[in-house]
Amino acid sequence: MPESDAPLARSLRAAGFRGALEPEVPLAPLTTWRIGGPAELLATPRDDEDAILAVRWAIDAGVRWRVLGNGSNLLVRDGGVRGLVLRVRKVLDRVVIEDDRIRAGAGHLLPSLASAAAAAGLAGLEFGSGVPGTVGGAVLMNAGWHRYEIGRFVEHVTYLEPDGALREVEGRDAAFAYRRSRFRGRGGLVLGVRLALERDDPRAIRERIDGFVESRRRSQPTQLPSCGSVFLKPPGDFAGRLIDAAGLKGLRVGGIEVSRLHANFFVNVGGGSARDVLELVERVEADVQARFGVRLEREFEVW
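One numbering rule holds for all chains: residues counted from 1, following each sequence as written. Side-chain atom pairs in this predicted model are given and counted only at pLDDT of 80 or more, local residue features only at pLDDT of at least 70, and totals for whole chains, interfaces and linings cover all residues. Side-chain metrics rest on all non-hydrogen atoms present in the structure, leaving aside hydrogens and water.

S.K.: Let's hear about the overall build of the protein chain: which residues, and what values?
M.R.: Elements are defined by DSSP. Helices are runs of H or I of four residues or more, strands are runs of E of two residues or more, and each kind is numbered from the N terminus. The helix and strand inventory of the protein chain stands at seven helices and 18 strands. Its C-alpha atoms give the protein chain a radius of gyration of 20 Å, within 12% of the compact-globule value 19 Å for 303 residues. In terms of principal-axis extent, the alpha carbons of the protein chain reach across some 55 × 50 × 30 Å. Evaluated residue by residue, the protein chain yields a buried proportion of 53% over its 303 residues. The contacts of the protein chain with a sequence gap of at least 6 include a subset with a gap of at least 24, amounting to 65%. All accessible-area figures derive from a Shrake-Rupley calculation using a 1.4 Å probe, and residue coverage is judged against the displayed protein chains alone. A total of about 13500 Å² of accessible surface is found on the protein chain, and carbon and sulfur atoms cover 48% of it. Only C-alpha atoms enter the radius of gyration, while the globule expectation follows 2.2 Å times N to the 0.38, with N the number of residues. Relative accessibility thresholds used throughout: buried, under 20% of the residue-type maximum; exposed, over 50%; partly exposed, between the two (1.4 Å probe, protein chains only). Contact criterion: two residues are considered in contact whenever any of their non-hydrogen atoms come within 4.5 Å of each other.

Written out as C-alpha cells, the structure reads:
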C-alpha cells in the first residue's frame, strides 16, 4: 500500500517524521522465527530524535506502538498487529568507544558490538557474540548466556518512558536480574546504553568469542529459524533438560518442531505459523507440568 493511502502514515509524516514509512508490511521476514502477519504501519526512524517523535506522536494520537529490534524472542500472530511498529535494528546503531567505556545505540546488533569491543581490547561482551539481538533488546531483558549477563556492565541507559518522557537511568537502578530489568514489560524504548568494560589482550578476547560461537554452533539449532530459548530456566534446573526428559524432542505441530539438538528451541522447519507455535508450547507446558510438577515460564513475547 502506498504511504499516501495509509491514514497513519500520512499523519506521522505530517508530524515531521523523516524516516521510512511502510503500511501493511509482513513482519515474518523481520523476525528470527520467520512468522507473523503485517504491521499496520512499520516506521524506521533516521535517528533518536525521529524515534522519539514517532513515539510521542503515537501517544498523542492514541495509537498503540511497539518496538522491533532483530525480531528474536518474539512471536507475531498470524493476523499481524494494528498500530505503529518502530523498527530500530541497524538504524539507532551508533557506537562510540572512550577508554574502557562504550556508548551504543539500541539498534546495534549485540554480536557486532562484541566484535567492536574485542578489536578495542575491551572484554566482557564475548558471550554476546552468538546472541541474535540488538543492544536495546539485550538491555531490556538482561540478555546473557550461562553465568554471563549484560547487566553487569551497564553503567547508564537512555530510556523513553511509555508516556514519552526521556529518562537517564543509572545501571545500579535498572533492577537487572535473570532475564529481567526495570524496563522489560513496561512498553517504553531503550535508546542507548553506556557500558563499562575491562581491558584485555584483543587476541585473547577474540579467542573467547570464537569459543562461544563454536559452543553455540554445536549445541543449538542455528541453521533453522527459531526465537532462541522458548522457556526461562526453572529454579535449579533447565527447561531443555525437562523437555528432553519428557521425551518431547522431535514433537511437531504443523511446521514447528521441538529441536532434536536442543529441546528448548522450537524450530520452524517450513511453513510454521504462530498458531502452530502456541499449540506446541501449550502441549509441552502441559506435559512437563504433568510429569515433573514444573510450570515452565515463556521467555518470548507475543504480539
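S.K.: Mind laying out the sheet that holds strand 16 (residues 256-258), listing which residues take part and the relevant values?
M.R.: Here the rule is simple: two strands pair whenever DSSP picks up at least two bridges between them. Strand order in this open sheet of three strands is 15-16-17, and the pairing throughout is antiparallel. Strand pairing shows two members of the sheet lacking a second neighbour, strand 15 (252-253) and strand 17 (266-268), which therefore form its edges. As judged from the three bridges shared by strand 16 and strand 17, these two strands associate in the antiparallel manner. Across the sheet, residue V258 finds its bridge partner in strand 17, namely F266. On top of the sheet, helix 7 (residues 274-292) reaches strand 15, strand 16 and strand 17; it is set at about 25 degrees to strand 16, its chief contact. Every axis in this analysis is a line fitted to C-alpha atoms, fitted for helices over the stretch in contact. Angles between the N-to-C directions lie between 0 and 180 degrees.

S.K.: Mind laying out the sheet that holds strand 7 (residues 101-105), listing which residues take part and the relevant values?
M.R.: The strand order across the open sheet built from five strands is 6-7-13-11-12, with neighbouring strands paired in antiparallel fashion. In this open sheet, the two strands that pair with only one neighbour each are strand 6 (95-98) and strand 12 (166-170). Strand-to-strand, the axes of this sheet are offset by a mean angle of 15 degrees, without reference to chain direction. Here strand 11 (residues 154-160) runs beside strand 12; their pairing, made up of five bridges, is antiparallel. In the sheet register, Y159 faces strand 12, and the bridge partner there is R167.

S.K.: Help me get a handle on the pairing of strand 2 (residues 38-44), residues and values and all.
M.R.: Among the seven residues in strand 2, five count as buried, and that is most of the element. Two strands pair when backbone bridges link them, and strand 1 (residues 20-26) and strand 2 are joined in this way by six bridges, in the antiparallel orientation. Each residue of the ladder has a partner; that of V25, found in strand 2, is A39.

S.K.: Please set out the nonpolar core residue by residue, giving values where relevant.
M.R.: In this text, buried Ala, Val, Leu, Ile, Met, Phe, Trp, Tyr and Cys residues form a nonpolar core when linked through side-chain atoms within 4.5 Å. One finds L125, I150, V157 and L195 to be the most contacted residues of the largest nonpolar core, which totals 33 residues. Listing elements by their share of this core, those giving two or more residues are strand 7, helix 3 (110-119), strand 8 (122-123), helix 4 (135-141), strand 11, strand 13 (189-196) and helix 5 (202-219). When residues in this core are grouped by element, the largest group, five residues, is from helix 3.

S.K.: Tell me about the packing of helix 1 (residues 7-14) against helix 2 (residues 48-61), and name the residues and values.
M.R.: Viewed as axis vectors pointing N to C, helix 1 and helix 2 meet at an angle of 120 degrees, and their least axial separation amounts to 10 Å. Taken as axis vectors, helix 1 and helix 2 run oblique relative to one another. In the packing of helix 1 onto helix 2, the handedness of the crossing is right-handed. On helix 2, the residues touching L8, S11 and L12 of helix 1 are L53, A54 and W57. For the contact of helix 1 with helix 2, the residue count by class is five nonpolar, one polar and no charged. For this classification, under 35 degrees means roughly parallel, over 145 means roughly antiparallel, 65 to 115 means roughly perpendicular, and everything else is oblique. Handedness of each helix crossing follows the sense of rotation of the near helix against the far helix: counterclockwise by less than a right angle gives left-handed, clockwise gives right-handed. Residue classes follow a fixed rule: Ala, Val, Leu, Ile, Met, Phe, Trp, Tyr, Cys and Pro count as nonpolar, while Asp, Glu, Lys and Arg count as charged, and any other residue, Gly among them, counts as polar.

S.K.: Give a detailed account of the side chain of N70, specifying residues and quantitative values.
M.R.: Locating N70 in the fold gives a position in the loop between strand 3 (65-68) and strand 4 (74-75). Definition of a polar contact: a pair of N or O atoms within 3.5 Å, with one able to donate and the other able to accept a hydrogen when the atoms are protein atoms, and with sequence-neighbouring residues admitted only if both atoms are side-chain atoms. At a separation of 2.5 Å, a polar atom in the side chain of N70 contacts the side chain of R89. Ignoring sequence-local partners within four residues, the contact set of N70 consists of L30, T31, T32, R89, L109, P132, G133 and T134.

S.K.: Before we move on, could you go through the packing of helix 3 against helix 5 and cite the residues and values that matter?
M.R.: At their nearest, the axes of helix 3 and helix 5 sit 8 Å apart, and the two run at 155 degrees to each other. With respect to their mutual orientation, helix 3 and helix 5 come out roughly antiparallel. When helix 3 is examined against helix 5, the residues A114, S115, A118 and A119 are found in contact with a partner set consisting of P202, I205, R206 and I209. The residue makeup of the contact of helix 3 with helix 5, split by class, is six nonpolar, one polar and one charged.

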